[in-house]
Each structure stands twice: as structure tokens, then as C-alpha cells.
Amino acid sequence: MKGMMGKLYVENESNTLQDGSLIDLCGATLLWRTPAGLRHTPTLKQLESLRQELNAARPQCPVGFNTLAFPSLAQREIVDKKQPWVYVNCGHVHGYHNWGYRKEKGPAVPGGTAPASTGERECPMCRRVGPYVPLWLGCEGGLYLDAGPPTHAFCPCGHVCSEKTVVGWSQIPLPHGTHAFHAACPFCGTWLTGEQGHIKLIFQGPVD
Ligand SMILES: [Zn+2]
Ligand SMILES: [Zn+2]
């Protein structure tokens, strides 16, 4: 670290751009991908089939027993009724529900279309308290580090991708302000929180 910013980015010091190198361009950070590196990233078609595989497993809300489904990759911003939600401190996946607020100020918007809400919530499965956010599949294949199954999510934004991708990005400090460095979600730029910056998702399959 001692004044050499490049050392924060690459473990083995090198001036050569490698796949995954980050370039700091006056505050904007660019991700350098080589053709060989990009061969390991999923195409949009692969992402779509990963999404369909996830939904084919028919994940369920362990409390409401309703079946959850990740919305199409084209759908962003608007939270779907069947959208999976997660308690980011434990990884338990649920359907949207209004109860469990620890503070009274949490908004309760009917119809399950509330934005990532304020206020801490208590997970009904393990009682850990933390933010409760909708899950979104990361849509940009070029930001994936492999084409593994989307089993993990960034905290606190809820972007879902492969384990290798969350672990990799959680270890990359990006410039934050003029002096600080912090890991961020590559899909939305949210600064990561929690012990690791990501969580393994715990889905409940259909009870049979
Ligand atoms: Zn939990
Ligand atoms: Zn994100």
C-alpha cells in the first residue's frame, strides 16, 4: 500500500495488464478483460439458462410456501411478486412479506413491490437481524469470473452470481473517495457490507 496504488490491485506485482486487472482512470474504474478471460464468462444465453435452472428447482418461501422465481433478465428495477428476497446477514431466501420489522418506521407497501426497504428485519428462520432485500441476477456476463451456478449474492444490494464471482469482487478494493478503498458490487457499484461482502444463498426447495 505505501503509496503504490497498483499494489492494492494485483497480488503479484506486474505492469502487464492481465485479465481482471483494474485500471483507475481519474476516479472511474475500468475492468480489463482479455479474450481468454472472457471465454470463461457466461453469455446472455447461458445466464438465461442458469436463471431457468434456478427457477426449475422451484425454490419456496419457507414461511409462505409460495414458489419463488427470478424475473427475466430484461426486467430490472420493478420487483416481481414471485421475486426471491434474502436476509443479507444469514442468506435465508424468502418471498416478500411485511412482518418482522424491528423498527416501526419500515414501510409496508401492499402488493410486494416495496423497494429495498429501510429498517432492520428479523429472519423467521434463524432470528438474525439485518436488511431484507430482493434478489436480482447479475445480467452482465462480462463481470462474471466464471459461469458457475448463481448461488451467492452481494451484500447489501442482493445481486446474485457465481461463488467465484462474489469472492473475487469482494476482495478487490476500489477507490472510495480520495483516500479510502472499499470493495463494491460490480453490477451496481454498491459498497459491500458485512463480514465478507457476500452471502451464500439458502434456498428451500419444495416440500414433498
Ligand atoms: Zn436466517
Ligand atoms: Zn449490486
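Rules behind the numbers
- Residues numbered from 1 in each chain as written.
- Chains lettered and ligands numbered in written order.
- Predicted model: local features only at pLDDT ≥ 70, side-chain atom pairs only at ≥ 80, totals over all residues.
- Heavy atoms only, no water.
- UniProt positions renumbered as here; feature names shortened; annotations may be inferred.
- Donors = N, O, S within 2.8 Å, 3.2 Å for Na, K, Ca; no water.
- Tetrahedral: all angles 85-135°; square planar, octahedral: opposite > 155°, others 65-115°.
- Helix = DSSP H or I, 4+ residues; strand = E, 2+ residues; numbered from the N terminus.
- Buried < 20%, exposed > 50% of the residue type's maximum accessible area, 1.4 Å probe, protein only.
- Pairing = 2+ DSSP bridges.
- Contact = heavy atoms within 4.5 Å.
- Axes fitted to C-alpha atoms, helices over the stretch in contact; angles between N-to-C directions.
- Polar contact = N/O pair within 3.5 Å; in protein donor to acceptor, adjacent residues only side chain to side chain.

The name given to the protein in an unreviewed UniProt entry is Pellino E3 ubiquitin protein ligase family member 3, and the organism recorded there is Dissostichus mawsoni. Here the protein is described in UniProt, under the heading Sequence similarities (unreviewed entry), as follows: "Belongs to the pellino family."

Side note on the coordination of the zinc ion (ligand 1)
Protein coordination at the zinc ion (ligand 1): the donors are Cys-90 (SG), His-92 (ND1), Cys-123 (SG) and Cys-126 (SG), at 2.0 to 2.3 Å from the metal. Taken together, the 4 donor atoms surrounding the zinc ion (ligand 1) define angles of 104 to 113° at the centre, an arrangement classified as tetrahedral. Along the chain, the residues donating to the zinc ion (ligand 1) are arranged with the sequence spacing C-x1-H-x30-C-x2-C.

Things to note about unusual backbone geometry
Residue Cys-155 is joined to Pro-156 through a cis peptide bond whose omega torsion reads 5°. Within the element layout of this structure, Pro-156 appears in the loop between β9 (152-154) and β10 (159-161). The backbone of Arg-58 shows a phi angle near 45°, a positive value even though the residue is not glycine. Mapped onto the elements, Arg-58 comes out in the loop between α3 (44-56) and β3 (85-87). Of the residues examined, Arg-58 reaches a relative accessible area of 44% and is grouped as partly exposed. At Arg-127, a position not held by glycine, the phi torsion is positive, near 70°. Structurally, the position occupied by Arg-127 is in the loop between β5 (121-122) and β6 (129-130).

Examining the sheet that holds strand β13 (residues 198-200)
Whether parallel or antiparallel, the strands of a sheet pair through hydrogen bonds between backbone atoms. Read from one edge of the open sheet, 4 strands run β8-β10-β9-β13, paired in mixed fashion. Where the open sheet ends on each side, the last strands, each with one partner, are β8 (136-137) and β13. Alignment of β9 against β10, held across 2 bridges, turns out to be antiparallel. Its bridge partner being in β10, Ala-153 is matched across the sheet by Val-160. Sitting on the sheet, helix α4 (residues 163-170) is in contact with β9, β10 and β13, with an inclination near 30° to β9.

Considering the environment of Asp-80
Relative to the helices and strands, Asp-80 resides in the loop between α3 and β3. A sequence separation of 10 residues divides Asp-80 from Phe-70, and the C-alpha atoms of the two residues are 8.3 Å apart. A distance of 3.0 Å separates a polar atom in the side chain of Asp-80 from the backbone nitrogen of Lys-82.

Structural notes on the coordination of the zinc ion (ligand 2)
Surrounding the zinc ion (ligand 2) are the protein donor atoms Cys-157 (SG), His-159 (ND1), Cys-185 (SG) and Cys-188 (SG), at 2.0 to 2.3 Å. Between consecutive donor residues of the zinc ion (ligand 2), the sequence gaps follow C-x1-H-x25-C-x2-C. Judged by relative accessible area, His-159 falls into the buried class, the value being 15%.

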